[in-house]
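Spelled out from the first residue to the last, the chains are:
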Amino acid sequence: MPKKTTQLNNASSNILSFIPYIKEKSIQFFIDIANVLSYLKLVFRNFFTKKFEFEEFLKQCYQIGNKSVGLISITGIIVGLVLTIQSRPPLVEFGAVAMLPGMVAISIIREMGPVITALICAGKIGSSMGAELGSMRVSEQIDAMEVSNTNPINFLIIPRVLAATIMIPLLTLYADAIGIFGSWLGINIKDNVSLELFMNQAFSNVEFIDIIPAVIKSFFFGAVIGLVGCYKGYNAGRGTESVGIAANSAVVTASLLLIIVDLIAVQITDLL
Amino acid sequence: MDIKENSVVIDIQNLKKSFGSMKVLDGVSLKLHEEENLVILGKSGSGKSVLIKCIVNLLTHDEGSIKVDEYELTDINEDDLVEVRKKTGFLFQGAALYDSMTVKENLMFALSRLDASFSSEEIDTKIVEVLENVGLPDAIDKMPSELSGGMKKRIGLARTLIVNPKIILYDEPTTGLDPITSNEISELINETKSKFKNSSIIISHDINCVKKVADRIAMLKDGKIYKEGQLEEFISDKDPYIQSFFK
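Just so you know, these numbers come straight off a predicted model, no measurement behind them. Within any chain, residue numbers begin from 1 and follow the written order of that chain's sequence. Chain letters and ligand numbers both follow the written order, the letters beginning at A and the numbers at 1. In keeping with the predicted nature of the model, local features appear solely for residues at pLDDT of at least 70, side-chain atom pairs appear and are counted solely at 80 or more, and the whole-chain, interface and lining totals rest on all residues.

Observations regarding the overall build of chain B
Rule in force here: What counts as a helix is a DSSP run of H or I of at least four residues, what counts as a strand is a run of E of at least two, and both are numbered from the N terminus. With C-alpha atoms as the basis for the radius of gyration, the globule rule is written as 2.2 Å multiplied by the number of residues raised to the power 0.38. Residues with at least 20 neighbouring C-beta atoms inside 10 Å of their own are called buried, those with 12 or fewer are called exposed, and the rest are partly exposed, where every C-beta is derived from the backbone. Note that contacts rest on C-beta atoms placed from the backbone: two residues are in contact if these are within 7 Å.
Helix and strand content of chain B: nine helices and 10 strands. Computed over the C-alpha atoms, the radius of gyration of chain B is 18 Å, within 12% of the 18 Å expected from 2.2 N^0.38 for a compact globule of 247 residues. Overall, the C-alpha framework of chain B stretches about 55 × 45 × 40 Å when taken along its three principal axes. A buried classification covers 41% of the 247 residues belonging to chain B. In chain B, of all internal contacts separated by at least 6 residues, the share reaching a separation of at least 24 is 66%.

Encoded structure:
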């Protein structure tokens, strides 16, 4: 009996020791959000008052698209396949297998496509922005830019944030298309359905109200990824280990923020 | 060396800079004359780099004044700051070449950003000329990752020289280099001065470099100028702190 009590006490003290850790991490997260928002103000101010670096913007659009398209293709097709394979048995049970293409298409367009694309890009692009800008900060390249009369916010940050904001919705639409194609492949494992019939069934249930909010929210996802990645990299510390910290923290903060933005977007869409 | 006493190009008066509660510069007053190499000595963390970063407004000072030519840096407007940066070249400790650009693009970036009046032919000519000046004409299409430490420093200097600055600020130009390359960089600093007639502030711990390039030395300690004078005055000084640098 005393042994059990000791074990219980140890377990509860272990759980309690997590509370300050969680508290500290939560406070840090809210500080990050506040800093990113004040950074957004600076980005907006410079965007409207200083020269826009169009060439750098195009370069960043290419980089973001080129870096992510392969991974998004593979993930999209697998998500479509898995969603179809998992959803089929209950629908067969209810005799509603004909609804499978429409159900999968709506799931992908409304939620899976935007969120999975955003999370992949947070990992791939957010971390790369954090690491690249962090290493530029550590090696004084950002200072060198300033000495060369180039505003680093205009040259490095605005093109990246804007490119992410524009490219993530495009990648999302691409992921949706690939995901739906993956669903057709998934259906054809058990059945034999032509692509034309599948598309007819899938899109007969999809309306504009399914597509527009998803595209709008992916613009916000893009902005979050660009802003957080740039903020973390640009404000990296001076040592080389800060490059790793910046990249890691860009992914963690962006992913968490994406989920929060998604929750807010779903609530707003629900009201429409 | 004949220093033109009346031609001050940088005039720093009672400069103070703190980071939080840590006072880094606590009333530094210093002058740089035309065609003079001024070496700033001091142990790590004594505020040498902070001082030169304040001169190009990479860091803003808390108190005091910095005058670069006719421009006062306290509350300087953007147009004047561009003029100050055109006059002042900065060679960073690690050269700070842009990793994603070739040597040519690095040089082109610096030139076109500070002076948009050049045609592409003029830019090409200037790039070839400046690379020849630093002895690396074949590095034009190389990426910074393909260059050695000494080559990076030379290209960094070329990037500084391409805008023909009146003043050059060198942040530890020989740190991390072998003695031969270090010697070459010191000679390059002297050649640059005699060829382009510019003034320089050189931050260094490397006594061999200091002995080669210094026209005058200022030693920083506890955020203040501890001693200022010619190389010979420092060498003959019996102060143990000063001697610890020259032993």
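Alright, that's what it looks like, and here's the rest.
Looking at the overall build of chain A
Looking only at helices and strands, one finds eight helices and zero strands in chain A. Overall size of chain A, expressed as C-alpha extent along the three principal axes, is 70 × 65 × 35 Å. Expressed as a percentage of the 272 residues in chain A, the buried residues total 40%. Put simply, of all contacts in chain A between residues at least 6 apart along the chain, 88% involve residues at least 24 apart.

A word on unusual backbone geometry
Residues and elements named next belong to chain B. If you check the backbone angles, Glu35 has positive phi at about 55° while not being a glycine. Structurally, Glu35 is set in the loop between β2 (22–34) and β3 (37–41). In the Ramachandran plot, Ala96 falls in the positive-phi region, its phi being about 55° despite a non-glycine side chain. Along the chain, Ala96 turns up in the loop between β6 (88–91) and α3 (103–114).

Details of the interface of chain B and chain A
This is how it is decided: By the convention adopted, Pro, Cys, Tyr, Trp, Phe, Met, Ile, Leu, Val and Ala count as nonpolar, Lys, Arg, Asp and Glu as charged, and the other residues, Gly among them, as polar.
Counting residues at the interface gives 13 residues for chain B and 10 residues for chain A. Tallied by class, the residues present in the side of chain B that touches chain A amount to 10 nonpolar, one polar and two charged.

Here's the deal with the environment of Ile19 of chain A
All names here are of chain A. Within the fold, Ile19 resides in helix α1 (residues 2–49). Residue classification places Ile19 among the exposed residues on the basis of 9 C-beta atoms within 10 Å. It is 52 Å that separates the C-alpha atoms of Ile19 and Asp191, two residues lying 172 residues apart in sequence.

Concerning the sheet that holds β6 of chain B
In sheet architecture, strand pairing relies on hydrogen bonds along the backbone and comes in two forms, parallel and antiparallel. All names here are of chain B. Worth spelling out the cut-off: Here, strands pair whenever DSSP counts at least two bridges between them. Interaxial angles span 0 to 180 degrees and are taken between N-to-C directions of axes, which are lines fitted to C-alpha atoms, for helices over the stretch in contact.
Pairing is mixed in the open sheet, where six strands are placed in the order β6-β7-β8-β3-β9-β10. Each edge of the open sheet carries a strand with a single partner, namely β6 and β10 (224–229). Along the sheet, successive strands turn relative to each other by an average axial angle of 20°, direction set aside. In this sheet, strand β8 (residues 199–203) lies alongside β3 in parallel orientation, the contact comprising four bridges. Bridging from a neighbouring strand, Val39 pairs with Ile202 of β8. Seen against the sheet, helix α5 (residues 149–161) touches β6 and β7 (167–171) and runs at an angle of roughly 170° to β6.

Focus on the confidence of the model for chain B
Using the following cut-off: Known as pLDDT, the predictor's confidence for each residue is given on a scale from 0 to 100.
For chain B, mean pLDDT is 89; residues scoring 70 or higher make up 98% of the total. Confidence metrics for the complex model read pTM 0.85 and ipTM 0.88.

What to know about the packing of α3 of chain B against helix α4 (residues 120–133) of chain B
Residues and elements named next belong to chain B. This is how it is decided: Put simply, angles under 35 degrees are roughly parallel, angles over 145 are roughly antiparallel, angles from 65 to 115 are roughly perpendicular, and the rest are oblique. Should the near helix be turned counterclockwise from the far one by less than a right angle, the crossing is left-handed, whereas a clockwise turn marks it as right-handed.
Where α3 meets α4, the closest approach of the two axes is 10 Å, and the angle between their N-to-C directions is 120°. The angle between α3 and α4 places the two elements in the oblique class. Relative to α4, the crossing made by α3 is right-handed. For the pair formed by α3 and α4, the contact residues are Lys104, Leu107, Met108, Leu111 and Ser112 on the first element and Ile123, Lys126, Ile127 and Val130 on the second. For the contact of α3 with α4, the residue count by class is six nonpolar, one polar and two charged.

Brief notes about the pairing of strand β4 (residues 63–68) of chain B
Residues and elements named next belong to chain B. Of the strand pairs in this sheet, β4 and strand β5 (residues 71–72) are connected by two bridges, and their pairing is antiparallel. Directly across from Lys67, in β5, lies its bridge partner Glu72. Between β4 and the antiparallel strand that follows it, β5, lie two residues; Asp69 among them carries a positive phi value of about 55°.

Quick word on helix α3 (residues 100–138) of chain A
Residue and element names in this part refer to chain A. Threshold: Given a residue, its bend is the angle between the two axes fitted to the seven residues that end at it and to the seven that start from it.
Ile108 marks where α3 bends most, by close to 50°. Of all 39 residues making up α3, 28 are buried, and the element is well covered by its neighbours. Glu140 occupies a position one or two residues after α3 and carries a positive phi of about 65°.

Examining the environment of Ile15 of chain A
With respect to the helices and strands, the residue Ile15 of chain A is situated in helix α1. Sequence-wise, Ile15 of chain A and Asn248 of chain A are 233 residues apart; in three dimensions their C-alpha atoms are separated by 26 Å.

Some details on the packing of α3 of chain A against helix α5 (residues 152–190) of chain A
All names here are of chain A. Here α3 crosses α5 at 145°, and the two axes come no closer than 7 Å. The hand of the α3/α5 crossing is right-handed. Of the residues in the contact of α3 with α5, the class split is 21 nonpolar, five polar and two charged.

Remarks on the environment of Gln7 of chain A
Within the secondary structure, Gln7 of chain A is located in helix α1. As for Gln7 of chain A and Met136 of chain A, which are separated by 129 residues in sequence, their C-alpha atoms are 51 Å apart.

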